[in-house]
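Inside the fold
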Amino acid sequence: MQKQMKWPLILFAIGVFMAALDNGIITSSLTTLNASFEVSPTWGAWTITLYTLGLAVSVPIAGKLSDRYGRKKLFLIEVALFGVGSLLVALSTSFTFFLIARVIQALGGGGIFIIASSYVLSKFPAERQGTALGLLGGMNGVAAILGPNIGAFILDITGNWHWLFLINVPIAILLFIAGIRYIHEEQELSRAAVDWSGIAVLTLGVLSLMYSFSNLDGVNMLQSLGSPMFYGFFLAGVVILVLFYFLEKRLEGSQREPVVSTQLLGIASFRWTLLIAFFSGAILASGFVEQYLGVSNTASGYWFTPLALASGIGAGGGGYLVDRKGPIWTLSVAGLLSAIGFLLFPLWVEHIWQFVIASILVGVGFGMMLGAPVNVLVTEQAGEDNKGIAVATSSLFRQMAMAIAPTIFAGFLARSFSNLGTNIQSGLADQGIQVPPEVLQQYASGVSAASGSDLSGLTEGLSQIPDPGIRDVLLQAVHHTTGQGYSGLFWSAVIFSILTLVAALITGRLRHNEKRNLVETASTR
């Protein structure tokens, strides 16, 4: 039994790492890809947008089909799709073909973590599930953080973006062969007919909702919320998902099995667990090291290695704590640690060593949330036939938060530069430097225009100003303005962490009441 569980876990961990790594890897090569296909940055952004949409769509489908046809079979299909998609991406000769191949790749990568988690929750003994899920969560978190660094390294070594995707092909082949050989499962499959119409409606709803989030503009948030491209697709997604709920409710007790059990959605602790999954989708912006602490562009990514390692340690430790203390206790500690870590950024961090300490706390806290506690909670009352879709639903909520959070966070930094003129004026006044109003306006507008796209280039340009007094004031104003933007970002992350802690405590109380009611109901029979 020990060997039968060890090999599948290793294969699942490699698969999760491979799939999670890909979206991070491509961020380091967007400029190269845009130049290669001769497309604008706006079109180039679709390489990430389509991959995100593909992940969101594949998550619930893979979760449900794994319950219906078997986790081993779906894992092999997902790995094969990811490998074929990676090969097609690498061989793309046009941008259109490249985007189509990215969708195929995403459809394969999206379900690997879901299937792996579902397998652990079904086949591992309860006292070891947390540790195993922690390993999978750790692979997911570490890959997401290290992805840009690994992508930059491969690009530097090979000088060719094709290798970013070709490297997945032999890994996928080995995973497929080893999966056939080492993954053994005696899963009792559902005999009910698959609700393909429900899957289609759910897919349309998720696509519409996720696409609406991609139209948000962090700089002009209110304006983008009023844009038809946002509210049109958002409202359409909500309406479709409400329709999906009622369609699924009609299938309860029929010969066709609903995609998502509406009885499961009726459980209060399940709904609150989905909320926890959403809150835990908040992420940390990597530009802080370069843009605020002044670390060079080439070295800034490597300073996130402590965060990645802490995330892996936190995920493993969180899994261990779930086995020993339970998911609620683990989530409470995780929310507290991440809140303290994020709080240190605006209140304390001014040097790289302070950044390392704060990022370790954040990494451990958010790592503890990955994989184990949420997945254990969300599948507690799901039953054997619904473990896959239960995990998939929580993962989908996390994906939604990950789609929204970067836009909101980036908006804090961009909007902070509206205060740049005031900061420059205050700095000049403090130093007793008199500058004509028209020159002051020229400084402020020039700096603001450059800041949105290339802050390091801006700082380098300002460093060439011959007058040391004006130069120092401008550099300090840019530094102070950047700090104001990141302070808003980190304070919002503190709020996300506290909300996670509060939601965990509420879920714990609801969970306790539900178990007590079950005992009372059983005793009265």
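Please read these numbers as outputs of a predicted model, since none were measured by experiment.

Let's shift gears to the overall build of the chain. The helix and strand inventory of the chain stands at 26 helices and 2 strands. Residues counted as buried form 52% of the 525 residues belonging to the chain. By sequence separation, contacts in the chain at least 24 residues apart represent 81% of the contacts at least 6 residues apart. Put simply, the chain shows about 23,300 Å² of open surface, and 65% of that area lies on carbon and sulfur atoms.

Our focus in this paragraph is the nonpolar core. With 86 residues, the main nonpolar core has Phe 75, Phe 98, Leu 136, Trp 161, Phe 165, Met 210 and Phe 213 as its most contacted residues. Per-element tally for this core: the top contributor is helix 1 (residues 2–27), with 12 residues. Those residues in contact with Met 210, other than ones at most four positions away along the chain, are Thr 52, Leu 53, Ala 56, Gln 399, Met 400 and Ala 403. By size, the runner-up hydrophobic cluster in this structure holds 30 residues, among which are Ile 276, Ala 277, Val 356 and Ala 493.

Once that is clear, we can look at helix 7 (residues 112–123). The end-to-end C-alpha separation of helix 7 is 16 Å, in line with the 16 Å expected for 12 residues at 1.5 Å each. When you tally the buried positions in helix 7, you get 11 out of 12 residues, the bulk of the element. Taken residue by residue, helix 7 has Ile 112, Phe 113, Ile 114, Ile 115, Ala 116, Ser 117, Ser 118, Tyr 119, Val 120, Leu 121 and Ser 122 as its buried positions.

A separate point is the pattern of salt bridges. With the rule as written, the count across this model stands at 2 salt bridges. The salt bridge partner of Asp 22 is Arg 102, with a shortest N-O separation of 2.6 Å. With Asp 22 in helix 1 and Arg 102 in helix 6 (residues 95–109), the pair connects residues that are 80 residues apart, well separated along the chain. We note that Asp 22, like Arg 102, is buried. For Arg 511, the salt bridge is made with Glu 380, and the minimal N-O distance between the two is 2.7 Å. In this pair, Arg 511 is assigned in helix 26 (residues 468–523) and Glu 380 in the loop between helix 21 (372–379) and helix 22 (387–416), connecting sequence segments 131 residues apart. For Glu 380, a relative accessible area of 35% puts it in the partly exposed group.

Bringing a nonpolar patch on the surface into the picture now. A cluster of nonpolar side chains, contributed by Leu 347, Trp 348, Trp 353, Ile 357 and Trp 491, occupies part of the molecular surface with about 530 Å² of accessible area. Relative to the helices and strands, Trp 353 is located in helix 20 (residues 352–369). Classification of Trp 353 as partly exposed rests on a relative accessible area of 49%.

With the rule as written, the count across this model stands at 22 aromatic pairs. Relative to Phe 165, the ring of Phe 98 lies with its centre 6.2 Å away and its plane at 80°, an arrangement referred to as edge-to-face. Placement of the pair is Phe 98 in helix 6 and Phe 165 in helix 9 (residues 163–166), with a sequence separation of 67 residues. As far as the burial class goes, Phe 98 and Phe 165 line up, both buried. In this structure an aromatic cluster arises from ring pairing among Phe 342, Phe 345, Phe 355, Phe 366, Tyr 486 and Phe 490. The aromatic ring of Trp 329 is capped on one face by Lys 325, whose charged end is 5.6 Å from the ring centroid.

This part takes up unusual backbone geometry. A positive phi is found at Glu 38, a non-glycine position, where the angle reads about 55°. Note on Glu 38: relative accessible area 73%, which makes it exposed.

Here we come to the packing of helix 15 (residues 268–279) against helix 21. For any two helices packed against each other, the geometry is given by the interaxial angle and the distance between the axes. Between helix 15 and helix 21, the least distance of the axes is 9 Å, while the angle of their chain directions is 160°. As far as their axial angle goes, helix 21 and helix 15 are roughly antiparallel. As for how helix 15 packs across helix 21, the hand of that crossing is left-handed. Each of Phe 270, Thr 273, Leu 274, Ile 276 and Ala 277 in helix 15 lies in contact with helix 21, whose residues at this interface are Val 374, Leu 377 and Val 378. Across the contact of helix 15 with helix 21, the residue classes tally to 7 nonpolar, 1 polar and no charged.

At their nearest, the axes of helix 7 and helix 8 (residues 126–158) sit 9 Å apart, and the two run at 170° to each other. The angle between helix 7 and helix 8 places the two elements in the roughly antiparallel class. Of the residues in helix 8, those touching helix 7 at Phe 113, Ala 116, Ser 117, Val 120 and Leu 121 are Gln 129, Ala 132, Leu 133, Leu 136, Gly 137 and Asn 140. Residues that form the contact of helix 7 with helix 8 fall into these classes: 7 nonpolar, 4 polar and no charged.

With respect to the element layout, Tyr 486 can be found in helix 26. A sequence separation of 74 residues divides Tyr 486 from Phe 412, and the C-alpha atoms of the two residues are 6.8 Å apart.

How each quantity is defined
- Within any chain, residue numbers begin from 1 and follow the written order of that chain's sequence.
- Totals for whole chains, interfaces and linings use every residue, but because this is a predicted model, local features are given only for residues with pLDDT of at least 70 and side-chain atom pairs only at 80 or more, for both listing and counting.
- Heavy atoms from the whole structure form the basis of all side-chain values; hydrogens and water molecules are not counted.
- Here a helix means four or more residues in a row that DSSP labels H or I, a strand means two or more in a row labelled E, and each is numbered from the N terminus.
- Any residue under 20% of the maximum accessible area for its type is buried, any over 50% is exposed, and the rest in between are partly exposed; the area is computed with a 1.4 Å probe on protein chains only.
- The contact criterion used throughout is that any non-hydrogen atoms of two residues lie within 4.5 Å.
- Here, Shrake-Rupley sampling with a 1.4 Å probe gives the accessible areas, and only protein chains in the shown set may cover a residue.
- We define a nonpolar core as any set of buried Ala, Val, Leu, Ile, Met, Phe, Trp, Tyr and Cys residues linked to one another through side-chain atoms lying within 4.5 Å.
- Here the expected length of a helix is defined as 1.5 Å per residue gap, with one fewer gap than residues.
- Between Lys or Arg on one side and Asp or Glu on the other, a salt bridge is scored when a side-chain nitrogen of the former is within 4 Å of a carboxyl oxygen of the latter.
- Each patch is assembled from residues with relative accessible area greater than 30% and no salt bridge, linking like charges that lie within 9 Å and nonpolar side chains (Val, Leu, Ile, Met, Phe, Trp, Tyr) that lie within 5 Å.
- Ring pairs are drawn from Phe, Tyr and Trp, using the six-membered ring of Trp, whenever the two centres fall within 6.5 Å, and their geometry is named by plane angle: stacked under 30 degrees, edge-to-face over 60, tilted for the rest.
- Charge over a ring is defined by NZ of Lys or CZ of Arg lying within 6 Å of the ring centre and within 35 degrees of the ring normal.
- The axes used here are C-alpha line fits, helices contributing only the stretch in contact, and every angle between their N-to-C directions lies in the interval 0 to 180 degrees.
- We call two directions roughly parallel when the angle between them is under 35 degrees, roughly antiparallel when it is over 145, roughly perpendicular when it lies between 65 and 115, and oblique otherwise.
- Crossing handedness: left-handed means the near helix sits turned counterclockwise from the far one by under a right angle, and right-handed means the same turn made clockwise.
- Polarity classes work like this: nonpolar for Ala, Val, Leu, Ile, Met, Phe, Trp, Tyr, Cys and Pro, charged for Asp, Glu, Lys and Arg, and polar for all others, with Gly in that last group.

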